Amino acid sequence: MILFDTHTHINDARFDEDRASVIENMLAAGVKLAMVVGEASKDHDIAFELAEAYPFLYAATGVHPHEASKWSKDVEERIVQAMAHPKARALGEIGLDYHYDLSPREEQREVFARQLAMAKSLDKPVIVHIREAHGEAMDIMRACDLPRGVLHCYTGSWESAKVYLNMGFYISLSGAVTFKNAPKLAEVAQNVPLDRLLVETDCPYMAPVPMRGNRNEPAFVEFTARKIAELRGMDAEEFAFAAYENGKRLFGI
């Protein structure tokens, strides 16, 4: 099976003790490519160092909605400089998160719109994080000259997914699609056109069944791919390869 984990945080401190072996496990599991997502308002350097060290790793950075209140001209410049790196393949993750409200909603909306415009001007795809804010996210996106991109770790409905698909976006599913209490994600997995579907771990979060309760890692993306293939009535290797090609196309790899 050939896989592309399109959203990882193996730069996270929870991998500091065994990052090299996690990467070895990833390759052994057939994960040939992975996107390492940093946070521009903090320290995204490890994401880019990993991308430089390993030919099969790529990097993204942006300001997460949790950190929107930390937006500044200096942070904006950090993103612009990072996007010039040869292994930078996306601006993100960006968006709205009204579940935790760790930054004021008005600031989240402003920073989201600003980064969408930046990505368009820099000709980079965006990695979008939306939680409990799909209506307002859609309003912002409709008002923009949108870049290409992906709704990462998608947990919304099929009705919302259709709106994002009509905007030209991809949909990426994480281990949540393997959970027993996720019927709406099963509907999404069954109905998104094959050429617009990606898979991810979002590790170290959201470990799929049968690895729930463990620290997630890129090798586990296989379980998510197999579940989606099962839901679609497809051969698992065929689905995994289609998703792999979709990720390469979106991120220009």
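It should be emphasised that the depicted structure is a prediction, and the values quoted were computed from it without experimental measurement.

Student: What exactly am I supposed to notice about the overall build of the protein here?
Tutor: Each helix and strand in the protein was counted, giving nine helices and eight strands. For a compact globule of 253 residues, the expected C-alpha radius of gyration is about 18 Å, and the protein comes in at 17 Å, within 12% of that figure. Taken along the three principal axes of its C-alpha coordinates, the protein extends 45 × 40 × 30 Å. Sequence-distant contacts, at least 24 apart, represent 72% of the contacts inside the protein between residues at least 6 apart. Taken as a whole, the protein presents about 10500 Å² of accessible surface, with 48% of it coming from carbon and sulfur. For the protein, the distance from the average site of its 28 positive side-chain charges to the average site of its 38 negative ones is 3 Å.

Student: For this particular structure, what's the right way to read the layout of surface pockets?
Tutor: Each pocket or cavity is described by its volume, and for the largest pocket that value is around 790 Å³. Where the lining of the largest pocket is concerned, the elements lending two or more residues are β4 (88-97) and β5 (126-131). Looking at the lining of the largest pocket, the element that brings in the most residues is β5, giving three residues. In the lining of the largest pocket, the residues fall into seven nonpolar, eight polar and nine charged.

Student: For this particular structure, what's the right way to read the confidence of the model for the protein?
Tutor: The predicted coordinates should not be examined in detail at positions where pLDDT is low. Overall, the predicted model of the protein reaches an average pLDDT of 98, with 100% of residues at or above 70. Taken element by element, the predicted model of the protein shows its lowest mean pLDDT in helix α7 (residues 183-191) (97) and its highest in strand β7 (residues 170-173) (99).

Student: Quick question: what am I supposed to make of the pattern of salt bridges here?
Tutor: Pairs can form between side chains of opposite charge once their charged atoms are near each other. The final tally for this structure, using the stated rule, is 17 salt bridges. Here Asp101 and Arg105 are joined by a salt bridge, their closest N and O atoms 2.9 Å apart. Here Arg105 falls in the partly exposed class, since its relative accessible area comes to 37%. Here Arg109 ties to Glu136 by a salt bridge, and the two come within 2.9 Å at their closest N and O atoms. Here Arg109 is found in helix α4 (residues 105-122), whereas its partner Glu136 is found in helix α5 (residues 134-142), with 27 residues between them in sequence. Residue classification places Glu136 among the partly exposed residues on the basis of a relative accessible area of 33%. Each of the salt bridges in this network shares a partner with another, and the network as a whole consists of Asp18, Arg215 and Glu217.

Student: Looking at this model, I keep getting lost on the packing of aromatic side chains. Mind explaining?
Tutor: The relation between two aromatic rings is expressed through the spacing of the ring centres and the mutual angle of the planes. Going through the model one piece at a time under the given rule, you end up with five aromatic pairs. Ring geometry for Tyr54 and Phe56: centres 5.5 Å apart, planes at 50°, overall tilted. Judged by relative accessible area, Tyr54 falls into the partly exposed class, the value being 24%. Geometry around Tyr170 places Arg196 over its ring, the cationic atom sitting 6.0 Å from the centre.

Student: Explain the nonpolar core to me, please; I cannot follow it from the model alone.
Tutor: A general trend in soluble globular proteins is that nonpolar side chains are found buried together. If you look at the biggest cluster of nonpolar residues, it comprises 89 residues, and the most contacted ones within it are Phe112, Tyr164, Ile171 and Leu173. For this core, the element with the highest residue contribution is helix α9 (residues 236-251), accounting for seven residues. Apart from the residues lying within four places of it in its own chain, the contact partners of Ile171 are Val150, Leu151, Tyr154, Ala161, Tyr164, Leu165, Val188, Val192, Arg196, Leu197 and Leu198.

Student: Hey, could you run me through the environment of Gly62 in this one?
Tutor: Looking at where Gly62 falls in the secondary structure, it is placed in the loop between β3 (57-61) and α3 (73-83). For Gly62, a relative accessible area of 0% puts it in the buried group. Remark: the alpha-carbon pair of Gly62 and Val31, spanning 31 residues in sequence, is separated by 24 Å. What Gly62 contacts, discounting residues up to four positions off in sequence, is Gly38, Glu39, Ala40, Ile79, Leu91, Gly92, Glu93, Ile94 and Gln115.

Student: Any chance you could explain α4 here in plain terms?
Tutor: Working note: α-helix, 3.6 residues per turn, so residues spaced by three or four point in the same direction. With 18 residues, α4 ought to run about 26 Å at 1.5 Å a step, and its terminal C-alpha atoms sit 26 Å apart, in line with that. Within α4 the residues assigned to the buried category are Gln108, Val111, Phe112, Gln115, Leu116, Met118 and Ala119. An end-on view of α4 places all buried positions within 165° of arc, on one side of the element. Facing away from the buried side of α4 by over 90 degrees, the exposed positions are Glu106 and Ser121. Summarising the contacts, the buried residues of α4 are in contact with α3, β4, β5 and α5. Count one or two residues on from α4 and you reach Asp123, which has phi positive near 60°.

So, how was this worked out
Residues numbered from 1 in each chain as written. Predicted model: local features only at pLDDT ≥ 70, side-chain atom pairs only at ≥ 80, totals over all residues. Heavy atoms only, no water. Helix = DSSP H or I, 4+ residues; strand = E, 2+ residues; numbered from the N terminus. Rg over C-alpha atoms; globule rule 2.2 N^0.38 Å. Contact = heavy atoms within 4.5 Å. Areas by Shrake-Rupley, 256 points an atom, 1.4 Å probe, with all protein chains shown as cover. Lys, Arg positive; Asp, Glu negative; His and termini not counted. Charge placed at Lys NZ, Arg CZ, Asp CG, Glu CD. 1 Å grid on protein atoms, 1.4 Å probe; cavity = no way out; pocket = protein on both sides within 12 Å on 5 of 7 lines; lining within 4 Å. Points joined across faces, edges and corners; volume = space filled by probe spheres on them. Nonpolar A, V, L, I, M, F, W, Y, C, P; charged D, E, K, R; others polar. pLDDT = per-residue confidence, 0-100. Salt bridge = Lys/Arg side-chain N within 4 Å of Asp/Glu carboxyl O. Buried < 20%, exposed > 50% of the residue type's maximum accessible area, 1.4 Å probe, protein only. Phe/Tyr/Trp six-rings, centres within 6.5 Å; stacked < 30°, edge-to-face > 60°. Lys NZ or Arg CZ within 6 Å of the ring centre and 35° of its normal. Core = buried A, V, L, I, M, F, W, Y, C linked by side-chain atoms within 4.5 Å. Expected span 1.5 Å × (residues − 1). Arc of directions from axis to C-beta.

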